[in-house]
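Overview (structure and organization)
The chain contents come next:
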Amino acid sequence: MLDQGAPPQNRPGPSGAGGLGGRLMRRKPVELLVAEGGQGEGGSLRRSLGMWQLTMISIGATLGTGIFVVLGESVPKAGPAVTLSFVLAGLTALFSALSYAELAGSIPVAGSSYSYAYATMGELVAWVCGWCLVLEYGVSVAAVAVGWGEYLNELLDGTIGVTIPAVLSSAPGEGGVINLPGLIVVLLAMVFLLGGAKESARVNTIMVIVKIAALVLFCAIGFMGFKSGNYSDFMPLGTAGVSAAAASLFFSYIGFDAASTAGEEAKNPQRDLPRAIMLSLIIVTALYVLVAAVAVGAWNWADFEGSEATLAAIMNDVSGQSFWGTLLAAGAVISIASVVLTVLYGQTRVLFAMSRDGLVPKAFGKVSKKTGTPRVNTVIVSLFCAALASVIPLGKLVDATSIGTLFAFGLVNIAVIVLRRTRPDMPRTFRVPLGWLFPVLGFAFCAYNMFSLDSITWVVFGVWMAVGLVFYFVYGMSRSRLASAEK
């Protein structure tokens, strides 16, 4: 908390010049960010997460719809070269993950890249980054929930021979009225999150183990149907196809930064956050490339067009029986639900940090003394995401999520460079190797992937950012706690 009773010369305050430009560029001191860790309206978050739980949160938020569902939409864009698309997206994520690891070890707070930007580039940039995170986390929860419904139908069909009618399992414009499964899974995740971070992490760990087992099972069965001829025309749509698929598949990597949002609930964040981020990304990338390689080897790339529950369909085709596909669908239902759980967790913690800074309403910063969680925040975010999941098609959600994520990741790479210049002597438990090279490459890869997205996605992003800037100038700028400290 800001120490309003301290003498002015000893009070930790914002840094920045006067005037409008100074107000927009005021930075929140790193020491103040760390000192406020865990503090909310009416209570505090509880430090209950170790490295294992943090790694599982990161894997849980990353490993899911990107491989179980979005793979089927990406293969038609790149052909068999979709494996290169995963590598390109993974490389982009790797450079950004290195930057996240350095900042998470130095500034272990709940706001993730929003807080890193606040400490290095000022309040306006921090707001823009936080607004992108709202897009990244909130919309991706909805996208993942939509994909969950596809595998739920596959599971129901394979077990009891019935499926949820399209009118109740598809968005308007895709033959339905409401996506009821997507609505339900978000509300279930909300219930778990309201129970507490430690309890949610325990449930997530079980789900992560199930999802890894399901993907290993797919590789074992799918490899039996592997046909080398499916790779004969490796790059039918050229490098442009590989880039377009990589931009969409970046959606598959957004979750690794979820661990950084747990900075105020980690037992030893400076040590454990960098390790959890890097370890989770290595595990996820290896699984993605392996599964994609087996999937394209088992099916001709043209057969992926319009497919739903793609991995289950491949297993049914290869094995000649529905049992294996049904088993995979069961694993997918459980594992995709873990993505909803962990990404929803990340969204609530980012808004928690923004609320503590006064940039969004206080309701998002209220903490329950009983559970140590931001309960009102969780309910509001869950209802919003559930509404999105019930009415918006998957493809639109995926690309909107990707562009918001890439923008936020690009800012994180810049933040590493800025913090090294402004605070070179600050303790760091992890440092990105090779000086500024990797952060610069990370920013360049993010920009490249952003410009590979279609014009409609850019229009949506532009409208989203315009709405966010209006909100900041009308509400956030004057209510900022740093603004109050200046008075």
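The rules behind these values
Residues numbered from 1 in each chain as written. Predicted model: local features only at pLDDT ≥ 70, side-chain atom pairs only at ≥ 80, totals over all residues. Heavy atoms only, no water. Salt bridge = Lys/Arg side-chain N within 4 Å of Asp/Glu carboxyl O. Helix = DSSP H or I, 4+ residues; strand = E, 2+ residues; numbered from the N terminus. Buried < 20%, exposed > 50% of the residue type's maximum accessible area, 1.4 Å probe, protein only. Expected span 1.5 Å × (residues − 1). Contact = heavy atoms within 4.5 Å. Core = buried A, V, L, I, M, F, W, Y, C linked by side-chain atoms within 4.5 Å. Phe/Tyr/Trp six-rings, centres within 6.5 Å; stacked < 30°, edge-to-face > 60°.

As a further point, take the pattern of salt bridges. Scanning the model with the defined rule gives one salt bridge in all. The salt bridge involving arginine 420 is made with glutamate 102; its shortest N-O contact spans 2.7 Å. One end of the pair, arginine 420, is in helix 17 (residues 394–422); the other, glutamate 102, is in helix 6 (residues 82–106), with 318 residues separating them in the sequence. Overall, arginine 420 belongs to the buried group, its relative accessible area being 10%. Assessed through its relative accessible area of 1%, glutamate 102 is described here as buried.

With 25 residues, helix 6 extends 36 Å between its outermost C-alpha atoms, agreeing within 8% with the 36 Å of an ideal straight helix rising 1.5 Å per residue. Taken across its 25 residues, helix 6 has 21 buried, putting it largely inside the fold.

We now examine the side chain of glutamine 347. Considering the arrangement of structural elements, one finds glutamine 347 in helix 15 (residues 322–356). Residues within four places of glutamine 347 in sequence aside, it is in contact with Leu133, Val134, Tyr137, Gly138 and Val381.

In terms of nonpolar packing, the biggest core is built from 144 residues, with Phe218 and Leu311 touching the most fellow members. A total of 19 residues in this core trace back to one element, the largest contributor, which is helix 8 (residues 123–159). The residues contacting leucine 311, other than those within four sequence positions of it, are Ile67, Phe68, Leu71, Tyr151, Leu215, Phe218, Val291, Ala295 and Leu328.

Each aromatic ring pair is characterised by the separation of its centres together with the angle its planes make. Scanning all chains against the criterion turns up 20 aromatic pairs. Note on phenylalanine 95 and phenylalanine 438: the rings are 5.2 Å apart at their centroids and 50° apart in plane angle, and the pair reads as tilted. One end of the pair, phenylalanine 95, is in helix 6; the other, phenylalanine 438, is in helix 18 (residues 437–450), and 343 residues separate them in sequence. With centroids separated by 5.3 Å and ring planes inclined at 75°, the aromatic side chains of tyrosine 100 and phenylalanine 409 adopt a geometry described as edge-to-face. Of this pair, tyrosine 100 sits in helix 6 while phenylalanine 409 sits in helix 17; the two residues are 309 residues apart in sequence, bridging distant segments of the chain. One exposure class covers both tyrosine 100 and phenylalanine 409, and it is buried. Taken together, the aromatic side chains of Trp127, Trp131, Trp464, Phe471, Tyr472, Phe473 and Tyr475 make up a single cluster linked through ring pairs.

As a further point, take the environment of isoleucine 380. With respect to the helices and strands, isoleucine 380 occurs in helix 16 (residues 375–391). Judged by relative accessible area, which is 37%, isoleucine 380 ranks as partly exposed.

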